[in-house]
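Analysis of the macromolecular model
Read off the chains here:
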Protein chains: 2
Amino acid sequence: MSEDEADRDGGPDGANDDFESVLSRVRDRIDPDADERARLRAVAETLTERAEDAATDLAPGADVLQVGSSARGTWISGDRDIDVFVRFPPELDRETLEEYGLEVGHDTVPDGHEEYAEHPYVKGEVEGFDVDVVPCFRLGSATEIRSAVDRTPFHNRYLEERLDEELAADVRLAKQFLKGIGAYGSDLRTSGFSGYLTELLVAEYGGFRPLLEAAADWQPPVELDPEDHGRASFSDPLIVIDPTDPERNVAAVCAAENVARLQHYAREFLASPSVDFFEPREPEPLTAAALRDRLADREATAMAVRFEAPDLVDDQLYPQLRKSLEGIVGGLDDRGFDVLRADTFADETAAVFAELAVAERPAIERHLGPPIHVRDHAEGFYDAYDDDPDVYGPFIDGDRYVAERKRDCTTARGYLESDRLFDVGLGAHVETALEEGYDVLVGDETTALLPEFDRQLGAYFDPRP
Amino acid sequence: MSEDEADRDGGPDGANDDFESVLSRVRDRIDPDADERARLRAVAETLTERAEDAATDLAPGADVLQVGSSARGTWISGDRDIDVFVRFPPELDRETLEEYGLEVGHDTVPDGHEEYAEHPYVKGEVEGFDVDVVPCFRLGSATEIRSAVDRTPFHNRYLEERLDEELAADVRLAKQFLKGIGAYGSDLRTSGFSGYLTELLVAEYGGFRPLLEAAADWQPPVELDPEDHGRASFSDPLIVIDPTDPERNVAAVCAAENVARLQHYAREFLASPSVDFFEPREPEPLTAAALRDRLADREATAMAVRFEAPDLVDDQLYPQLRKSLEGIVGGLDDRGFDVLRADTFADETAAVFAELAVAERPAIERHLGPPIHVRDHAEGFYDAYDDDPDVYGPFIDGDRYVAERKRDCTTARGYLESDRLFDVGLGAHVETALEEGYDVLVGDETTALLPEFDRQLGAYFDPRP
């Protein structure tokens, strides 16, 4: 057990901490002080004025909103994001909206550059803050939205009305807790709790502690509907109906693992509070010698498929890597190469790493034929194998024919190195990357993944909730 | 492909045979000639007279019946069984019946000895024939029977009324065909078609060829009810309601394999008739060199558990061996030692022989815990493994905890040599025999099963329908 783990379970730092004193120490670290608040407010006001001037010059009906955690006082000390939303009248066509939006952005953030999400917008640095200037339509209700950004002002208004100073402080604690346990972020690499979701949960349960106490006892699917207006059904483990949109689950992106993770750590933290829960775990980098030790200790056969990482943003890359991981694991399992555990990593190269409980199979495999009473199929099967000198059988087992025939691949390496790898579902860009070439590493050869993936492999071999 | 197989598929002997000429050649061999019939009739009459004299001396209401294939003209030339049933009035108590039965038996077969099935009876040789003298009650209908033997006279009467000379000849063909394909006999080693069942099927379908044509197209469950009086339901693949007992399936003992086997060979024979179908296949004995070759060719890991054969009759021994086979295969499979195929053999020693696709596993195994939302179980699981230095995890997969813990056995040999072998279902006498000691043979060590099981292993490595 590492020191880090010892602390969490109530080691020297944690044993005598009680809940409130832990929160108080965390607050000291994450609550922005008066100075930080004042600086942020000053910069935000300047930006809002600049944007308003530019926007109303272009469209008299435009206005400007500061949104996001910095607008609602829910940001964590040190976060330096300011989101400025410029709302244009809905009569504007989309092309004009985008043109005006960029113009306002450049006027507001003179050194900014353009980025593209659903719309183009301007991003840049102003007095040490990371500023986004995003155009949207000003609409009467969230159900009229034309794109996801149009929803943000409604989210902002809803939360501003519900989060007082005390709840805002609890939102900060909840965010930091989720960061600490690795479940914060709605990006598709994390698939965790978004900021908006965290704020809704704290508002709905009435604070950080009530949220933890509720989560510890959640029985998924958990369904929350703050406005009691939901009218769609969802299959997610956590369902939080958007107060501004009855057909949207705010927690749709939150994976079952992250719901379970919150449940686990809520219980652990309530049982023995410690500030360590609020610190993201940094996995120890694994050395080649340590990797060899782990492989020898576990006696599984490690394998990796390594290729050049596709040049994609994380939100595109990680879903493709996970699809490829699932496909390759499925291909291995289907051929009897039992996968014990697997993961996927990306940096300059990308890798699907797997440990196999079974890496070799006999020369033959059992091939179960049709029931003998299904005459056409049965005769077809029998005739297909009866004269094959490489086949044992066909013979009868129960009411079916069985033939023992030669396998395509008797080793997992052989399978991974063959074209059959391309028969499984792979992300499109991963498939292209593999077509360019890839390495198959087996056993101690996987040390070639170091040092590039030393922290990922460190985490792999020291798995935690 | 062996020569034997070539013939069956229409080789030199079979290619030009047509159905009727094949049957005619088989009949020449299996139909008893006039001389054999006369000899049997003479002996049977003598026995019947002797039994009648002895029986009526003891109980005036007694009578004597000759039953079985020799009574109905359905015996195969060379079979030398004569069954004499002595029927006593139902007023007799069972003890007196048994006493009288043995007395009549000894008077009828002076050199006979006593055997015990449901009742004691006398068995012995008379002029080269194997004679059974069996006592039973004379009852008004088969539904009044007190034991299985009381049913026999009713079976006999039913078939005598239905089998003319021609059908009796077809019964002989059907029996010989079932012997040839290894599906004849209701003993618990074969679990095949009994003589009575065969006669009923021929009578019901109206001959050997109609039986084959029907069987080729059977869609199990196949239900025949010659007297249209069945009033129980059965889960067997072949259901033939006993014409003398509406609650009995005459084919209850017939395994799915043997139903399928008849279907398979009926099709093959109708497609290319050959006398070879009527000859039981004698598997080639396997030499040690050939066994090693087969093992090398298949690349599976052969294993055998060998022990002293329990001293039981086949009808008790084989069900116990099969139960033990199933238990041991299940135990291996459950631990990830995938069994490719397995069989059990008995002679002086007995063996469970298995080929494993996987004979070794890693030092650790994945242990799936409860869903995290089932709080009591989840906390119990987590606490049980969290502090164990030999365990990787617990971590979260989906909504569950997973721990990777050390395995009990990493090799199939280790498992088979351990006491855990006794955790699986074993036949009672097999368990006792194993407690006395057993050998575990792995790989080429299985050549120690030779020459005792050379034919069984010959059949194993040349599997046919």
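Each value, and the rule that gives it
- Every chain is numbered independently, its residues counted from 1 as its sequence is written.
- In the order they appear in the text, chains get letters beginning with A and ligands get numbers beginning with 1.
- Given that the model is predicted, a residue must reach a pLDDT of at least 70 before its local features are reported, and side-chain atom pairs must reach 80 or more before they are shown or counted; all residues, however, enter totals for whole chains, interfaces and linings.
- For side-chain calculations, the full set of non-hydrogen atoms in the structure is used, while hydrogens and water are omitted.
- Within 6.5 Å between ring centres, the rings of Phe, Tyr and Trp (the latter by its six-membered ring) count as paired, and their orientation is classed by plane angle as stacked under 30 degrees, edge-to-face over 60, tilted in between.
- Each helix is a run of DSSP H or I of at least 4 residues and each strand a run of E of at least 2, with the numbering of both proceeding from the N terminus.
- Classification of residues uses two cut-offs on accessible area relative to the type maximum, computed with a 1.4 Å probe and protein chains only: under 20% is buried, over 50% is exposed, and between them is partly exposed.
- Contacts between residues were defined by any pair of non-hydrogen atoms, one from each residue, lying within 4.5 Å.
- Two parts lose some accessible area (1.4 Å probe) when they are put together, and adding that loss for both gives the buried area.
- Should a side-chain nitrogen of Lys or Arg be within 4 Å of a carboxyl oxygen of Asp or Glu, the pair is scored as a salt bridge.
- In this count, Pro and Cys sit with the nonpolar residues alongside Ala, Val, Leu, Ile, Met, Phe, Trp and Tyr, while Asp, Glu, Lys and Arg are called charged and the others, Gly among them, polar.
- Superposing the copies works by least squares over the C-alpha atoms of residues that have pLDDT at least 70 in both of them.
- Strand pairing follows a simple DSSP-based rule, namely that at least 2 bridges must link the two strands.
- Convention adopted: a line fitted to C-alpha atoms gives each axis, helices being fitted over their contacting stretch, and angles between N-to-C directions are expressed from 0 to 180 degrees.
- Multiplying 1.5 Å by the residue count of a helix minus one yields the expected span of that helix.
- What fixes the domain bounds is an automatic or database domain assignment.
- Relative orientations are named as follows: roughly parallel for angles under 35 degrees, roughly antiparallel for angles over 145 degrees, roughly perpendicular for angles from 65 to 115 degrees, and oblique for any other angle.
- UniProt positions are given in the numbering used here, feature names are shortened, and annotations may be inferred rather than shown by experiment.

Let us look at the packing of aromatic side chains. Residues and elements named next belong to chain B. In the structure shown here, the tally under the stated rule is 41 aromatic pairs over all chains. Ring plane angle 50° and centroid distance 6.3 Å describe the contact between Phe208 and Phe269, whose orientation is recorded as tilted. Taken together, the positions of Phe208 in helix α9 (residues 208-216) and Phe269 in helix α10 (residues 256-271) put the pair 61 residues apart, joining distant regions of the chain. The pair Phe208 / Phe269 is uniform in exposure class, with both members buried.

Moving on, we come to the interface of chain A and chain B. Contact with chain A, which involves 58 residues of that partner, is made by 58 residues of chain B. Between chain A and chain B, roughly 4700 Å² of surface is buried when both sides are summed, and carbon and sulfur atoms account for 50% of that area. Among the residues of chain A in contact with chain B, Arg267, His373 and Tyr392 of chain A are the three that bury the most area, contributing 14% of the side total. Arg341 of chain A is the salt-bridge partner of Glu404 of chain B, the closest N and O atoms lying 2.6 Å from each other. Secondary structure elements with two or more residues in the side of chain A that touches chain B: α10 (256-271), α11 (288-298), β10 (339-346), β12 (364-371), α13 (375-386), β13 (392-397) and β14 (400-406) of chain A. Among the elements that take part in the side of chain A that touches chain B, α10 of chain A stands out by supplying eight residues, more than any other. Each residue belonging to the side of chain A that touches chain B can be placed in one class, and the counts come to 25 nonpolar, seven polar and 26 charged.

Of the transformation superimposing chain A on chain B, the axial component is 0.0 Å and the angular component is 180°, with the fit at an RMSD of 0.1 Å. Between the two chains, the operation in question is that of a two-fold axis. The C-alpha atom lying nearest the rotation axis in chain A is that of Val358 of chain A; the distance is 3.6 Å. Both copies present the same face, since 100% of the interface residues in chain A are matched by interface residues at the equivalent positions in chain B.

We now examine the sheet that holds strand β7 (residues 238-242) of chain B. All names here are of chain B. Spatially, three strands are ordered β6-β7-β8 in an open sheet, and the strand pairing comes out mixed. The open sheet has two edge strands with one neighbour each: β6 (222-224) and β8 (245-249). Sheet twist, expressed as the mean angle between neighbouring strand axes with direction ignored, is 20°. With two bridges connecting them, β7 and β8 associate as antiparallel partners. Counted as the bridge partner of Asp242 is Asp245 from β8. Relative to the sheet, helix α8 (residues 195-205) contacts β6, β7 and β8, its axis offset from that of β7 by approximately 90°.

All names here are of chain A. Helix length check: helix α7 (residues 165-180) (16 residues) gives 23 Å between terminal C-alpha atoms against 22 Å at 1.5 Å per residue, within 8%. In terms of burial, α7 is a largely internal element, 13 of the 16 residues being buried. Immediately downstream of α7, the backbone of Gly182 shows phi near 80°, a positive value.

A separate point is the pairing of strand β11 (residues 349-356) of chain B. Residue and element names in this part refer to chain B. β11 sits mainly inside the fold: eight of its eight residues count as buried. Neither face of β11 is exposed, since Thr349, Ala351, Phe353 and Glu355 on one face and Ala350, Val352, Ala354 and Leu356 on the opposite face are all buried. Where strand β9 (residues 301-308) lies against β11, eight bridges are found, and the strand directions are antiparallel. The residue bridging Val305 from the neighbouring strand is Val352, located in β11. The pairing of strand β10 (residues 339-346) with β11 spans seven bridges and is antiparallel.

This part is about the sheet that holds strand β6 (residues 222-224) of chain A. Pairing between sheet strands relies on hydrogen bonds along the backbone, with the strands arranged either parallel or antiparallel. Residue and element names in this part refer to chain A. The strand order across the open sheet formed by three strands is β6-β7-β8, and the pairing between neighbours is mixed. The outermost strands of the open sheet, each flanked by one partner alone, are β6 and β8 (245-249). Between one strand and the next, the sheet's axes are offset by a mean angle of 20°, whatever the strand orientation.

In this section: the domain arrangement of chain A. When its domains are assigned, chain A resolves into domain 1 (3-30 + 163-278), domain 2 (34-149), domain 3 (288-360 + 410-460) and domain 4 (364-406). Each of domain 3 of chain A and domain 4 of chain A has a C-alpha centre, and the two are 35 Å apart.

A few words now on the packing of helix α2 (residues 19-30) of chain A against α7 of chain A. All names here are of chain A. Between α2 and α7, the shortest axis-to-axis distance is 10 Å and the interhelical angle comes to 95°. Comparing the axis directions of α2 and α7 gives the class roughly perpendicular. Across from Leu23, Val26, Arg27, Arg29 and Ile30 in α2, the residues of α7 making contact are Ala169, Asp170, Arg172, Leu173 and Gln176. Here the contact of α2 with α7 is composed, by residue class, of five nonpolar, one polar and four charged.

Once that is clear, we can look at the UniProt feature "binding site: ATP" (unreviewed entry) in chain A. All names here are of chain A. As annotated by UniProt and renumbered to match this structure, "binding site: ATP" (unreviewed entry) occupies Ser69, Arg72, His155, Lys175 and Tyr184. Relative to the helices and strands, Arg72 is located in helix α4 (residues 69-72). Given a relative accessible area of 14%, Arg72 falls into the buried group. Beyond its immediate sequence surroundings of up to four residues, Arg72 is in contact with Asn156, Leu159, Glu160, Ala168 and Glu199. Within the element layout of this structure, Tyr184 appears in the loop between α7 and α8 (195-205). A relative accessible area of 22% places Tyr184 in the partly exposed class. Aside from chain neighbours lying at most four places away, what touches Tyr184 is Lys175, Leu178, Lys179, Thr190, Phe193, Ser194, Gly195 and Thr198.

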